[in-house]
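Take a look at the letters that make up each chain.
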Amino acid sequence: MLEDARGRCLRCHVLQARDLAPRDITGTSDPFARVFWGSQSLETSTIKKTRFPHWDEVLELREMPGAPAPLRVELWDWDMVGKNDFLGMVEFPPQVLQQNAPSGWFRLLPFPRAEEDSGGTLGALRLKVRLLEDRILPSRYYQPLTELLMESVLGPAEEDAASPLAVLEELTLGDCRQDLATKLVKLFLGQGQAGPLLDYLTRREVTRTTDPNTLFRSNSLASKAMEQFMKLVGMPYLHEVLKPVINRVFEEKKYMELDPCKMDLGRTRRISFKGAPSEEHVRDASLGLLTGYLGPIVEAIVGSVGRCPLAMRLAFKQLHQCVEEHFPQAEHEDVKYLAISGFLFLRFFAPAILTPKLFDLRDQHADPQTSRSLLLLAKAVQSIGNLGQQLGQGKELWMAPLHPFLLQSISRVRHFLDQLVDVDEEEEAGGPARALVAPSVIVREGYLLKRKEEPASLATRFAFKKRYFWLSGETLSYSKSPEWQMRSSVPVSHIRAVERVDEGAFQLPHVMQVVTQDAAGALHTTYLQCKNVNELNQWLSALRKASAPNPDKLAACHPGAFRSSRWTCCLQAERSAAGCSRTHSAVTLGDWSDPLDPDAEIQMVYRRLLLGRDQLRMKFQEDPNTDSSPEADAEKSSGATEGACPDALARPREAAARLLEVLADLDRAHEEFQQREQQKAALGPLGH
């Protein structure tokens, strides 16, 4: 603090900062300091691409009339486009400035000040975290259980009581069904048996259903399996059908409301009326807007037969035939249509319209007004999927203005469903993972920072370049910008691993590596940095999904980089050294659109079956009514005509015995593995 003829002056010498948060895609920031004293403020220069800036600048601020003011120094990351990003701040009260001038390093605090932050003005974050830990055995141990599961779908679904699938269906309740359904569908899809699995589950449910109005309306294993199957194989199809209209709704932000109880006449100023807007004006305008969005949606759906994945069409054909056989009566003519539309419209199209972010149709959730518009559209699509059966019923009579449009659409939807199941391909539904990404469909695109490892004379040189990437089922291509004509590309079939990279490899977050193999057999690694962890997960998911069917995948790779003549992860000095970390090329990232690790999935199925082992024993092996005496055998023989035949009872007992034996073998394998691990731990490092 200085004093001269003009009054008091505060001189702030801004020296340097360290360990600043990385705010840019490069893993660095463009920091500058902004100094406040009273109503005066000054800024330092901006230092590009660093987390450790050195300014060494002196800023002088004149004292203004009024009470003594604190000194506040804020650090910001400069952005060419959009708002600058806050990095942190320090603040010194007036008495500190006057008595003991600050000098040294000071920890940055959140904005605006520590006292207010501790009071909760920054809000609260609600989290739900679940950690699942399990021991996964080598694949060969799970083969018998996998074979039993595959055999389950080949027998008569209606009479099955002791196969693994029948036991799982009986045991699994509530929220667990969706998790189990996802894993079963992916497991069977990987074996090329998703079609038979869906046919097995739907036949069991149809057989147990007496009232056709309740068919597939509950969250049964069959319903959840079909729902997850559609999400797994039909996402590109869903995007092609719905994305154009969903984007329009988000971008246009029109106010739409039909419910008088929710109508806000004050928000209708955006709509041009002569005089004050009334409920009737708002309803008429909203009706025009809703039909303006619904029309293209219906057109896109009914015109999408040729774009619907073959696996889905074949699954719907099986479902159509099964329902028609079980409900052949004329009064149940609509049931075969409702079974399909109940899945396609009520469990696929309508939920995607309601929450586009969950289906990757948008990057962010909708604001309240757009969310309400999407809800109205989803309700309308639901009504179309119900083939108009519930129109005019229930509490939502305010939807009546839409009924004429909905009724006109229903006949077109019936014709669409007829065309959808008119498929004569002999190919089984649910082929291997290759069908998950169509060759010509762009499944992901956007800017990434590309680091291609290039050998230099003595050390490894890493080039950092911003490139625009496109990923399809055939190629991973990139260029300088989306408009750039010249593109470089890598065939997806050449990909051998897609893995995360440790932050320590480049001192940068959100980096992944794509390992490819050329025609000569040589491996090449391309490093790609994403903007944030969500983008990293999405690219990892998409690349792993596209390359899922590739042969000769790498079992291990290096999560680091080869720098300064050694690997940063394991410190091996040979560039060609074997990888030190297991690859995860088939592991999901919590996204239902990815193939899963079969060993991890079958392990989860095994754990679930263990819960029903005692029940299975009591039912088929330790029947309290069983009597092995000759008299009892004679009674069984004479009573065979009245009840189940002995052969029919023997089959489920034999199936139960096989399943219990397989579970016992897996128990022993786990125990032996655990014993080996304990022995290794007891021996310590010297015992290896």
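The rules behind these values
Residues numbered from 1 in each chain as written. Predicted model: local features only at pLDDT ≥ 70, side-chain atom pairs only at ≥ 80, totals over all residues. Heavy atoms only, no water. Helix = DSSP H or I, 4+ residues; strand = E, 2+ residues; numbered from the N terminus. Buried < 20%, exposed > 50% of the residue type's maximum accessible area, 1.4 Å probe, protein only. Contact = heavy atoms within 4.5 Å. Bend = angle between axes of the 7 residues up to and from the residue. Salt bridge = Lys/Arg side-chain N within 4 Å of Asp/Glu carboxyl O. Pairing = 2+ DSSP bridges. Axes fitted to C-alpha atoms, helices over the stretch in contact; angles between N-to-C directions. Parallel < 35°, antiparallel > 145°, perpendicular 65-115°, else oblique. Left-handed = near helix turned anticlockwise from the far one by under 90°. Phe/Tyr/Trp six-rings, centres within 6.5 Å; stacked < 30°, edge-to-face > 60°. Lys NZ or Arg CZ within 6 Å of the ring centre and 35° of its normal.

### As for the environment of lysine 254
Here's step 1: For lysine 254, the location among the structural elements is in the loop between helix 7 (221-252) and helix 8 (279-302).
Here's step 2: What makes lysine 254 partly exposed here is its relative accessible area of 38%.
Here's step 3: Between the C-alpha atom of lysine 254 and that of serine 286, which follows or precedes it by 32 residues, the distance is 8.7 Å.
Here's step 4: Once residues within four sequence positions are removed from consideration, lysine 254 is found in contact with Leu289, Tyr293, Gln369 and Ser373.

### Topic: helix 10 (residues 335-354)
Here's step 1: Of all bends in helix 10, the biggest is about 35 degrees, found at serine 341.
Here's step 2: With 18 of its 20 residues buried, helix 10 lies for the most part within the structure.

### Some thoughts on the side chain of serine 383
Here's step 1: Note on placement: serine 383 falls in helix 11 (residues 368-385).
Here's step 2: Looking at serine 383, the relative accessible area reads 19%, which means it is buried.
Here's step 3: Leaving out residues up to four positions away in the same chain, serine 383 has contacts with Gly388, Leu391 and Leu406.

### Some thoughts on the pattern of salt bridges
Here's step 1: Under the definition given, this model contains 26 salt bridges.
Here's step 2: Measuring nitrogen to oxygen at the nearest pair gives 3.8 Å for the salt bridge that ties glutamate 227 to lysine 224. Of this pair, glutamate 227 and lysine 224 both sit in helix 7, three residues apart, which is roughly one turn of that helix. For the pair glutamate 227 and lysine 224, a shared accessibility class is recorded, and that class is buried.
Here's step 3: One salt bridge connects aspartate 667 with arginine 613, and the closest N-O pair in it is separated by 2.5 Å. Placement of aspartate 667 in helix 18 (residues 646-683) and of arginine 613 in helix 16 (residues 613-620) is noted, with a sequence separation of 54 residues between them.
Here's step 4: Assessed through its relative accessible area of 17%, aspartate 667 is described here as buried.
Here's step 5: Each of Lys224, Glu227, Lys231 and Arg347 takes part in salt bridges that share partners, so that together they form one network.

### A look at the sheet that holds strand 6 (residues 71-77)
The strands making up a sheet associate through hydrogen bonds between their backbones, and the pairing can be parallel or antiparallel.
Here's step 1: The strand order across the open sheet built from four strands is 4-3-6-7, with neighbouring strands paired in antiparallel fashion. Sheet topology places strand 4 (40-43) and strand 7 (85-92) at the edges, where each strand pairs with a single neighbour. Across this sheet, the average inter-strand angle for adjacent strands is 20 degrees, counted without regard to direction.
Here's step 2: Direction of pairing for strand 3 (residues 31-37) relative to strand 6: antiparallel, over a ladder of seven bridges. Residue pairing across strands places alanine 33 opposite leucine 75, the latter belonging to strand 6.

### Thoughts on the environment of proline 31
Here's step 1: By the element assignment, proline 31 lies in strand 3.
Here's step 2: Proline 31 gets classed as buried once you look at its relative accessible area, which sits at 0%.
Here's step 3: Considering only alpha carbons, one finds proline 31 and alanine 21, ten residues apart in sequence, at a separation of 9.8 Å.
Here's step 4: Excluding residues within four positions of it along the chain, proline 31 makes contact with Leu20, Ser45, Thr46, Ile47, Thr50, Pro53, Trp55, Trp76, Asp77 and Leu87.

### Quick word on the pairing of strand 3
Here's step 1: For strand 3, the buried fraction is high: seven of the seven residues fall into the buried class.
Here's step 2: Examined bridge by bridge, strand 3 and strand 4 share four bridges and lie antiparallel to one another. Directly across from valine 35, in strand 4, lies its bridge partner leucine 42.
Here's step 3: Counted along the chain from strand 3 to the antiparallel partner strand 4, the turn is two residues long, and its residue glycine 38 has a positive phi close to 65 degrees.

### As for the packing of helix 8 against helix 12 (residues 403-420)
Here's step 1: Where helix 8 meets helix 12, the axes come as close as 10 Å, and the angle between the chain directions of the two elements is 15 degrees. One way to sum up the angle between helix 8 and helix 12 is to call them roughly parallel. Note that helix 8 runs across helix 12; the crossing there is left-handed. Mapping the contact onto sequence places Thr291, Leu294, Gly295, Val298, Glu299, Ile301 and Val302 in helix 8 and Phe405, Ser409, Arg412, Val413, Phe416 and Gln419 in helix 12.

### Description of the packing of aromatic side chains
Here's step 1: The full count for this structure, using the stated rule, is eleven aromatic pairs.
Here's step 2: Look at tyrosine 468 and tryptophan 470: their rings are 4.9 Å apart centre to centre, the planes differ by 65 degrees, and that puts the pair in the edge-to-face class.
Here's step 3: When its relative accessible area of 12% is taken as the criterion, tyrosine 468 is described as buried.
Here's step 4: Overall, the relative accessible area of 7% leaves tryptophan 470 in the buried class.
Here's step 5: Over the aromatic face of tryptophan 470 sits the side chain of arginine 487, whose NZ or CZ is 3.5 Å from the ring centroid.

### So, the packing of helix 11 against helix 12
Here's step 1: The N-to-C vectors of helix 11 and helix 12 enclose an angle of 50 degrees; their axes lie 9 Å apart at closest approach. Taken together, helix 11 and helix 12 sit at an angle that is classed as oblique. Note on packing geometry: the crossing formed by helix 11 with helix 12 is right-handed. On the side of helix 11, the interface is formed by Ala380, Ser383 and Ile384, while helix 12 contributes Leu406, Ser409, Ile410 and Val413.

### Section: unusual backbone geometry
Here's step 1: In this structure, aspartate 56 takes a positive phi of about 55 degrees despite not being glycine.
Here's step 2: If you trace the backbone, aspartate 56 turns up in strand 5 (residues 54-62).
Here's step 3: A positive phi angle, close to 60 degrees, is found at aspartate 360, a residue other than glycine.
Here's step 4: Counting through the fold element by element, aspartate 360 comes out in the loop between helix 10 and helix 11.
Here's step 5: Owing to a relative accessible area of 34%, aspartate 360 belongs among the partly exposed residues under this scheme.

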